[in-house]
Every structure is written in structure tokens, then in C-alpha cells.
Amino acid sequence: MAGSGYARAPPPAEGGAAAPSTALYVANCGPAVGLAHDDIRVAFGAFGEVAGVHDADGSGARVIVRFREPSAAEAAMAALHGRPCASLEDRVLHIRYSVPAKPKAPVGGSLPVATSASELGVPGIYLVEDFVTAAEEHEFLAAVDSRPWKKLAKRRVQHYGYEFMYETRNVDSKQFLGELPPFVSKILQKIISFPGATKCTSKMVDQLTVNEYPCGVGLSPHIDTHSAFEEMIFSLSLAGPCIMEFRKYPEGNWRAPSMASGTDKDSLQEPQCIRKAVFLPPRSMLLMSGEGRYAWHHYIPHHKIDDVGGQVIKRNTRRVSFTFRKVRMGLCNCEYRQFCDSQRRWYFDGIFHFNWSALELCCTVLSLVSSSCKIEVGRQ
Ligand SMILES: O=C(O)CCC(=O)C(=O)O
């Protein structure tokens, strides 16, 4: 019934009859089998007032007949289903009750999708379109396609510089795999002059993750582990576009990322979080820094199509992203302590005014009291 605005009526409760509705889905009936809508209206009109007849789909051989009253639909069903209909050239009609389809959620959710970083308005997020040319894009894709991919649950990856460990969402900083490959040197040169990039040295990144997402596949919401990587994270989109959503959770409502084993599980919609989305076209470069990198989750929804400013964008090609990061060698001391694995213990200490020495003292006193109780009990 795709496209008719009607769907099959829910199945009847066990042992019960199908609940009548005012609309009937009638198969083997319509202009493609020589039956005009007007003739169908007249034939069904014998059972009660017909509110409308329209195509159920693009076949021309299935229609929706809408009555004013459920009793009329019930009578038509009883008289015509599975039988030749004399007033419709003796065609055998196949009829089901049908109900108005629930409206589908708008493509991409109700979230407006920005096409620039200024429109997005997440502090520390920068976007440059056409960061590389189409010829360079072709070159980069050929380079990664000639190298081995590692398969994750829903996508393929390659790692350079340092291996990324999905179980811990971290890298082993002692396991240096070698310099970044020569095919990215043009990108590294351009990164130096990226707006928003503060440290102007080509060594500002030393780890590359290449992600290949099949059509419509996305990525779970997450914040890159603070202790694993420095502040600036660059992501180059190649081959296909995507929407990237940013989510900020209110104070005290933060959840740890859930990407164990590279299995990207969509998190439940969090009603309290602030959500913003931006369109990443192929060949664009995104920089996540400051608050946008440290305190906002980023997320790629699993969508086959997206609505960008009223334009339908099909994600019918793979998307390949090159994510460049700098491995952190010490602890993170950012100002977003709530989201910082290097500082979280101290953050929660602060919130709860927790005093570890006081706790230790309490434990000692308790254990002394309990052992003296045991002595007392033993004496009785
Ligand atoms: O594909 C992207 O642009 C982002 C990749 C990413 O966030 C990641 O690998 O953690």
C-alpha cells in the first residue's frame, strides 16, 4: 500500500474478527485491469456512501475505497471479497480492511541541518568545503583501496601512526606503527593553514583512522577519549556525504560512550540534550576543537536519505573519512572536566565534596569498631 497513505489494518486479536474500518484495500481492481474509478465508486456505492476511490499504489490494479460508515465497508467486504463482482466485469476482488498510515518521521528527524559551521553554532567546530579537489579525492580513495581494510561490524577501517583500540576507545601510545603514509602529505600541508587550527606544525597530527561506511551506515554518538587524543581532530569526507549531529548533554547527564568492539549502537534519544546537525559534503574538512571536541558528542545518523534545507540528499554511495588526530602523551587538563576521563575522579570529588582521606579514616574507625565488637562477642 506504499504511497496510498493507507496501511494494512492491524491483525485481529486471536480468535476475533478483523476490526472493520471505513477504508478497504481492493486488489485486482483499477484502471490497469479496465475498471475506471467512477465505475468502482458506483459498484461499492451499493453498500453505502463512498467518500473516495484512489490508487493504492502505482500498479493501477489496486485501489483504496473509502466509505463514510464502517458498516458499509463491512457489508461490501462480506459481499465482494473473493467473489466475482457482477457490476465490475465479474472480476474476483481481493479485499482487506485498511487504516490511514501513521505519518512517517520527517527525513533526518525534525532537526534542521546547517550547511556551514557558523550556521551550526557549536563552539570549536569549523568546516571547509572543497578542501581537496576531485582529482585528489580520486587519488586518496585509490590509495586506501589498494591497502588492506579491517572489517568491523558495520564498516571497514584502516589505522596509521597508532592502532585504535575500539574496546577501550584508546590507542596504545607505546606502539608507534610509523609515520603517516605519503599519500596524505598534501592533506597535512593544507591542515597547517586550516582556520581554527592553532598549532602550526605538520606534526600537529600523528594518527589517522580511515573509515569506510557503506550506504546509509552511520556512527554512534561519542566523544573521542580525552586522554587518548589532543584537542584538534580533523575529519575529511570523501566519496559520499553525511549528516553529522552534535549533542550536548546537560550537567550530570553524561553517559560513557558505547562503541565496544567497533559495534556502533545507536543510543536512545535523550530528550534533555541539545542537538545540532551539519551537512558534510564530499571533499569537505571538519575540525573539531575546544568545546565542540571536548564536551559535545558527535554522531552520524544511520540514514539512507537526508533532508538538507528542503533538498533530499541520497546517501547511495559509500562514504570514506580520513580522521586525523594527535595522540596525547600525558593527561588531559581541559576545562571540560565532566567529560574528561583524565580528570573525572577529581570532577566527581568536587561535585560530591568527597574527601578520600576522610573516607579512609572512616573505614579504619569502622574496622576497629567491628573488630572490638567481635572481641566483645567472643568474651560472652
Ligand atoms: O567519519 C567521520 O567523519 C568521523 C569518524 C569518527 O568520529 C571516529 O572515527 O571516531
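Reading guide: rules and limits
- Residues numbered from 1 in each chain as written.
- Predicted model: local features only at pLDDT ≥ 70, side-chain atom pairs only at ≥ 80, totals over all residues.
- UniProt positions renumbered as here; feature names shortened; annotations may be inferred.
- Helix = DSSP H or I, 4+ residues; strand = E, 2+ residues; numbered from the N terminus.
- Buried ≥ 20, exposed ≤ 12 C-beta atoms within 10 Å, placed from the backbone.
- Contact = placed C-beta atoms within 7 Å.
- Pairing = 2+ DSSP bridges.
- Axes fitted to C-alpha atoms, helices over the stretch in contact; angles between N-to-C directions.
- pLDDT = per-residue confidence, 0-100.
- Core = buried A, V, L, I, M, F, W, Y, C linked by C-beta atoms within 7 Å.
- Near = placed C-beta within 6 Å.
- Arc of directions from axis to C-beta.

Going by the annotation in an unreviewed UniProt entry, the name recorded for the chain is RRM domain-containing protein, with Oryza brachyantha given as the source organism. According to UniProt, the comment filed for the chain under the heading Sequence similarities (unreviewed entry) is "Belongs to the alkB family."

A. Expanded view of the overall build of the chain. Each helix and strand in the chain was counted, giving 8 helices and 23 strands. Taken over 380 residues, the chain has a buried fraction of 32%. The long-range share in the chain, meaning contacts at least 24 apart out of those at least 6 apart in sequence, stands at 77%.

B. The pairing of strand β19 (residues 285–288), seen in detail. Burial of β19 is two-sided: the residues Met 285 and Leu 287 facing one way and the residues Leu 286 and Met 288 facing the other way are all buried. The pairing of strand β9 (residues 125–128) with β19 spans 4 bridges and is antiparallel. What sits directly across from Val 128, in β19, is Met 285. Relative to β19, strand β16 (residues 233–238) runs antiparallel, the two being bridged by 4 bridges. Its bridge partner being in β19, Phe 234 is matched across the sheet by Leu 287.

C. Molecular detail of the sheet that holds strand β1 (residues 6–8). A sheet is described by the order of its strands in space; here 5 strands give the open sequence β1-β7-β2-β4-β3, paired in antiparallel fashion. Of all strands in the sheet, those with a lone pairing partner are β1 and β3 (50–55), marking the two edges. Neighbour-to-neighbour, the strand axes of the sheet open up by a mean angle of 35°, direction not taken into account. As paired elements, strand β2 (residues 23–27) and strand β7 (residues 94–100) share 5 bridges and run antiparallel to each other. If you follow Ala 27 over to β7, its bridge partner there is His 94. Packed on one face of the sheet, helix α1 (residues 37–45) meets β3 and β4 (62–67) and runs near 140° to β3.

D. Structural view of the confidence of the model for the chain. Overall, the predicted model of the chain reaches an average pLDDT of 84, with 77% of residues at or above 70. Overall, residues 257–268 carries pLDDT values under 50, and its contacts beyond four positions in sequence, including any with other chains, amount to 28 contacts. Segment residues 373–380: pLDDT under 50, and 0 contacts once partners within four positions in sequence are set aside and those in other chains are kept.

E. The arrangement of helix α2 (residues 70–80) in detail. Those residues of α2 that sit buried are Ala 72, Ala 73, Glu 74, Ala 76 and Leu 80. Structurally, α2 contributes buried residues whose contacts are with β2, α1, β4, β5 (84–85) and β7. Positive phi appears at Gly 82, one or two residues downstream of α2, with a value of about 75°.

F. Representation of the nonpolar core in the model. Counting 52 residues, the largest nonpolar core has Phe 234, Leu 236, Ile 243, Met 244, Val 278, Leu 287 and Phe 322 as the members making the most contacts within it. Those residues in contact with Leu 236 that sit more than four places away from it in its chain are Phe 131, Val 132, Ile 187, Met 285, Ser 321 and Phe 322. Of all hydrophobic cores here, the second largest spans 27 residues; its members include Val 50, Leu 80, Cys 85 and Leu 88.

G. Representation of the site of the ligand. The environment of the ligand is made up of Thr 209, Asn 211, Leu 219, Asp 224, Ser 235, His 298, Ser 321 and Thr 323. Mapped onto the shell around the ligand, the elements with two or more residues apiece are β14 (207–213) and β23 (319–325).

H. Region of interest: the environment of Leu 238. Position of Leu 238 among the secondary structure elements: in strand β16. Take Leu 238: there are 21 C-beta atoms within 10 Å of it, and that puts it in the buried class. Ignoring anything within four residues of it in the chain, the contact list for Leu 238 reads Glu 137, Phe 140, Leu 141, Pro 282, Arg 283, Val 320, Ser 321 and Phe 322.

I. Representation of the environment of Ala 32 within the structure. Relative to the helices and strands, Ala 32 resides in the loop between β2 and α1. Residue Ala 32 is classed as partly exposed on the basis of its C-beta count, with 13 C-beta atoms lying within 10 Å. Sequence separation of Ala 32 and Gly 60 is 28 residues, and the distance between their C-alpha atoms is 4.7 Å. Excluding its chain neighbours within four sequence positions, the residues that come into contact with Ala 32 are Ser 59, Gly 60 and Ala 61.

J. Broad picture of the environment of Arg 156. Along the chain, Arg 156 turns up in strand β11 (residues 156–160). When the C-alpha positions of Arg 156 and Pro 214 are compared, they lie 8.7 Å apart, and in sequence the two are 58 residues distant.

K. Representation of the sheet that holds strand β18 (residues 274–280). With respect to topology, 5 strands assemble into an open sheet ordered β8-β18-β17-β20-β15, the strand pairing being mixed. Of all the strands in the sheet, just β8 (113–114) and β15 (219–222) have a single pairing partner and so form its edges. Pairing of β15 with strand β20 (residues 297–300) involves 2 bridges; the strand directions are antiparallel. Within β20, the position partnered with His 222 by the bridge is His 298.

L. Layout of unusual backbone geometry. Backbone geometry at Asn 28 places phi at a positive 70°, although glycine is not the residue there. A positive phi angle, near 55°, is found at Glu 89, a position not held by glycine.

M. Local environment of α1. Listing the buried residues of α1 in full gives Ile 40, Ala 43 and Phe 44. Along α1, the residues classed as buried sweep out an arc of 90° about the axis, all on the same side. Looking at the buried side of α1, the elements it contacts are β3, β4, α2 and β5.

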